[in-house]
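Topology and contacts: notes
Listed here are the chains, written in short residue letters.
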Amino acid sequence: MDNLHHWKNILPRLNLRRSQQKREQVFSTLLKNSTEPELLRMIAHLENDIFEEKPVSIQRFIDSPQYLNAKDECWPQVKQDLIDLFSGDYQEAVYCSAIGAGKSFASSIIIAYMLYRLLCLRNPQAYFGLARRSIIAIVNMSKNSLLAKKVVFSEVRSRIENSPWFQKYARPDPNVR
């Protein structure tokens, strides 16, 4: 039995959300015991099993006319902060900045990108280890409910309504305001 067949049988049973140390052990074993072509096929296999559509990077999501088309709107430091955020292996994050530094703008991009990535998953509930019909919520928090709804939610909604990708694959419900 070749390594690819062996790992195809084992990988679906692994909980890849385990600790960083456990993930490193699993992938260290894979690297030591597999040839490069086998590894490339395993990566493709995993991506095909996880994603319906492979998500683009946060930078492409911001810049591309196919997604947010916000290249000229997004300040360079905000964009770099978002690139750093989505390049890391974070389970949670708190985004703090001064008044007028773009927190609401950044939050609207973060929420839109998280929603986009969820929609790219073949089975989001299974990916997160949830029951089939479990609801996955992206929570928008602010100083008060008026700010959360009028500022951040309205920006997120506007981004989604003006995104060709969302218009094609996940049009927003017009009744949700």
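Going by the structure above, here's the rest.
Bear in mind that the values here come from a model prediction, so they are computed numbers and not experimental data. (Residues numbered from 1 in each chain as written. Predicted model: local features only at pLDDT ≥ 70, side-chain atom pairs only at ≥ 80, totals over all residues. Heavy atoms only, no water.)

1. So, the nonpolar core
With 28 residues, the main nonpolar core has Ile58, Phe61, Ile62, Leu82, Ile109 and Tyr116 as its most contacted residues. Taken together, the elements giving at least two residues each to this core come down to helix 4 (58-63), helix 5 (76-87), helix 6 (103-120), helix 8 (145-161) and helix 9 (164-169). A total of 10 residues in this core trace back to one element, the largest contributor, which is helix 6. (Core = buried A, V, L, I, M, F, W, Y, C linked by side-chain atoms within 4.5 Å. Buried < 20%, exposed > 50% of the residue type's maximum accessible area, 1.4 Å probe, protein only. Helix = DSSP H or I, 4+ residues; strand = E, 2+ residues; numbered from the N terminus.)

2. Regarding the packing of aromatic side chains
Per the stated rule, a full pass over the model turns up 10 aromatic pairs. Each ring, one from phenylalanine 86 and one from tyrosine 113, has its centre 4.7 Å from the other, and the planes form 80 degrees; the classification is edge-to-face. Taken together, the residues phenylalanine 86 in helix 5 and tyrosine 113 in helix 6 connect sequence positions 27 residues apart. What makes phenylalanine 86 partly exposed here is its relative accessible area of 28%. The class of tyrosine 113 is buried, set by a relative accessible area of 2%. (Phe/Tyr/Trp six-rings, centres within 6.5 Å; stacked < 30°, edge-to-face > 60°.)

3. Thoughts on unusual backbone geometry
Positive phi outside glycine occurs at asparagine 69, with the angle close to 55 degrees. By the secondary structure assignment, asparagine 69 is in the loop between helix 4 and helix 5. Residue classification places asparagine 69 among the partly exposed positions, given a relative accessible area of 44%.

4. With respect to the pattern of salt bridges
Opposite charge on two side chains makes pairing possible when the charged atoms of those side chains draw close. Within this structure, the stated rule accounts for 5 salt bridges. With a shortest N-O distance of 3.2 Å, glutamate 52 and arginine 122 are connected by a salt bridge. On the criterion of sequence distance, the pair formed by glutamate 52 in the loop between helix 3 (36-50) and helix 4 and arginine 122 in the loop between helix 6 and helix 7 (124-127) is long-range, its members being 70 residues apart. Take arginine 122: its relative accessible area is 43%, and that puts it in the partly exposed class. The partner of glutamate 73 in a salt bridge is arginine 159, and the shortest N-O contact between them spans 4.0 Å. Of this pair, glutamate 73 sits in the loop between helix 4 and helix 5 while arginine 159 sits in helix 8, and the two are 86 residues apart along the sequence. Taking the relative accessible area as the measure of exposure, glutamate 73 reaches 47% and is therefore partly exposed. Here the salt bridges share partners, and the residues they tie into one network are Glu73, Glu155 and Arg159. (Salt bridge = Lys/Arg side-chain N within 4 Å of Asp/Glu carboxyl O.)

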